Amino acid sequence: MSKYTKLWKYLKEKNKEEYQLSFEEIKNILGFEINHSFLTDKKEILEYGYKIEKIVLKEKRIIFKKN
């Protein structure tokens, strides 16, 4: 279980086709800010039926889509 499991479960429970979450919204879900380990652990999201479509650093948001 990674430190991002709470975020993956959040996405799965809400069951939307697409999410656009800001870094701040993700921080509120997880209780901490994401860091570089997110890039390593992001592949785990596939197990929850989602993928990371795009990370928009300039706007500080991440787009998740159902896989």
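Throughout this description, residue numbers start from 1 for each chain and increase along the sequence as written. Restriction of local features to residues with pLDDT of at least 70 applies here, the model being predicted, together with a cutoff of 80 or more for giving and counting side-chain atom pairs; totals for whole chains, interfaces and linings are based on all residues. To obtain the side-chain values, all non-hydrogen atoms of the structure were included, while hydrogens and water were left out.

Peer 1: Could you give an account of the overall build of the chain, with specific residues and numbers?
Peer 2: Regarding its fold elements, the chain presents three helices and three strands. Strands are runs of DSSP state E lasting at least 2 residues, helices are runs of H or I lasting at least 4, and numbering of each runs from the N terminus. Tracing the chain from N to C terminus, the helices and strands come up as α-β-α-α-β-β. Computation of the radius of gyration draws on C-alpha atoms alone. For the globule rule, the value is 2.2 Å times the number of residues to the power 0.38. Against the 2.2 N^0.38 benchmark of 11 Å for 67 residues, the chain shows a C-alpha radius of gyration of 11 Å, consistent with a compact globule. Seen along its three principal axes, the alpha-carbon backbone of the chain occupies a region of about 25 × 25 × 20 Å. Per-residue accessibility, obtained with a 1.4 Å probe over protein chains only, is compared with the maximum for each type, and a residue is labelled buried under 20%, exposed over 50%, and partly exposed between these values. The burial tally for the chain puts 31% of its 67 residues in the buried class. Exposure was quantified through the Shrake-Rupley algorithm and a 1.4 Å probe, taking into account, for residues, occlusion by the shown protein chains and nothing else. Here the chain displays about 4700 Å² of accessible surface, and carbon together with sulfur accounts for 48% of that area.

Peer 1: Help me get a handle on the nonpolar core, residues and values and all.
Peer 2: Here the nonpolar core consists of buried residues drawn from Ala, Val, Leu, Ile, Met, Phe, Trp, Tyr and Cys, with membership extended through side-chain atoms lying within 4.5 Å. Of all hydrophobic cores here, the largest spans 16 residues; its most connected members are Leu7, Trp8, Leu11, Leu21, Ile26, Phe38 and Phe64. Of all the elements in the fold, those that place two or more residues in this core are α1 (5–14), β1 (18–22), α2 (23–30), β2 (50–56) and β3 (61–66).

Peer 1: Lay out α2 with the relevant residues and their values.
Peer 2: Within α2, the full set of buried residues consists of Ile26, Ile29 and Leu30. For α2, the angular spread of buried residues about the axis comes to 85°, placing them on one side. Those residues of α2 hidden inside the fold are in contact with α1, β1 and β3. Positive backbone phi, approximately 90°, marks Gly31, located one or two places after α2. It is the directions from the helix axis to the C-beta atoms that the arc portrays. Contacts are residue-level and defined by heavy atoms, with any inter-residue pair within 4.5 Å sufficient.

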